[in-house]
Amino acid sequence: VQLQASGGGWVQPGGSLRLSCAASGFTLDDYAIGWFRQAPGKAREGVSCIKGAGGTTYYADSVKGRFTISRDNAKNTVYLQMNSLKPEDTAVYYCAADSRKRLSLKTWTYDYWGQGTLVTVSS
């Protein structure tokens, strides 16, 4: 099981970025996939997750209405579209996979983690 996160970069406040999480060694339907972030000096926190054939989703309150998680099964990739970005969204973003498909934003429920991709929101 491998996860490869990409798409981070620098963006001005109010801008948008789309992160990608490419999965290999498993199919997305068999796992819940979560996005997490960790800002300097802070604990890692859950942002959003998706699971199931129907693509059930869940969001942290801090990103609800601004971020959208989606999945392309043909590409075995999960995306995180981030709009209306704020400086407080600055963090290293990670994707992770949960074999029990619990649709959780708790870090301890995830079995596999990708490397992070840095998102910087500043003017």
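Above this text is the structure in question.
Computed from a prediction, not measured in an experiment: that's the story for all the values here. (Residues numbered from 1 in each chain as written. Predicted model: local features only at pLDDT ≥ 70, side-chain atom pairs only at ≥ 80, totals over all residues. Heavy atoms only, no water.)

A. Expanded view of the nonpolar core. Residues Trp-35, Leu-80, Met-82 and Tyr-93 are the most contacted members of the largest nonpolar core, which totals 35 residues. Going through the elements one at a time, strand 1 (2-6), strand 3 (17-24), strand 4 (32-38), strand 5 (45-51), strand 7 (67-72), strand 8 (77-82), strand 9 (91-98) and strand 11 (117-121) are the ones with two or more residues in this core. The biggest single contributor to this core is strand 9, with five residues. Look past the residues within four positions of Met-82 in its chain and what remains in contact with it is Gly-15, Ser-16, Leu-17, Leu-19, Arg-66, Phe-67, Tyr-93 and Val-119. (Core = buried A, V, L, I, M, F, W, Y, C linked by side-chain atoms within 4.5 Å. Buried < 20%, exposed > 50% of the residue type's maximum accessible area, 1.4 Å probe, protein only. Helix = DSSP H or I, 4+ residues; strand = E, 2+ residues; numbered from the N terminus. Contact = heavy atoms within 4.5 Å.)

B. Representation of the state of the cysteines in the model. For the coordinates displayed, the defined rule picks out one disulfide. Put simply, Cys-21 and Cys-95 are joined by a disulfide, and their sulfur atoms are 2.2 Å apart. Around the S-S axis, the bridge from Cys-21 to Cys-95 shows a dihedral of about 80° and counts as right-handed. Remark: Cys-95 occurs in strand 9 and Cys-21 occurs in strand 3; sequence separation between them is 74 residues. As far as burial versus exposure is concerned, Cys-21 and Cys-95 are alike and both buried. Cys-49 carries a free sulfur, and the closest cysteine sulfur to it, the one in Cys-21, is 13 Å from it. (Disulfide = S-S within 2.5 Å.)

C. Main features of the packing of aromatic side chains. With the rule as written, the count across this model stands at five aromatic pairs. Measuring from ring centre to ring centre gives 6.2 Å for Tyr-31 and Tyr-112, while their planes differ by 65°; the resulting arrangement is edge-to-face. With Tyr-31 in the loop between strand 3 and strand 4 and Tyr-112 in strand 10 (residues 112-113), the pair connects residues that are 81 residues apart, well separated along the chain. We classify Tyr-31 as buried; its relative accessible area is 12%. Note on Tyr-112: relative accessible area 34%, which makes it partly exposed. A centroid spacing of 5.0 Å and a plane angle of 80° characterise the contact between Phe-36 and Tyr-110, whose relative ring orientation is edge-to-face. Here the residue Phe-36 occupies a position in strand 4, and Tyr-110 occupies one in the loop between strand 9 and strand 10, the gap between them amounting to 74 residues. We note that Phe-36, like Tyr-110, is buried. In this structure, Arg-18 packs its charged tip against the face of Tyr-79, placed 4.1 Å from the ring centre. Looking at Arg-44, its charged tip hangs above the ring of Trp-113, at a distance of 4.9 Å from the centre. (Phe/Tyr/Trp six-rings, centres within 6.5 Å; stacked < 30°, edge-to-face > 60°. Lys NZ or Arg CZ within 6 Å of the ring centre and 35° of its normal.)

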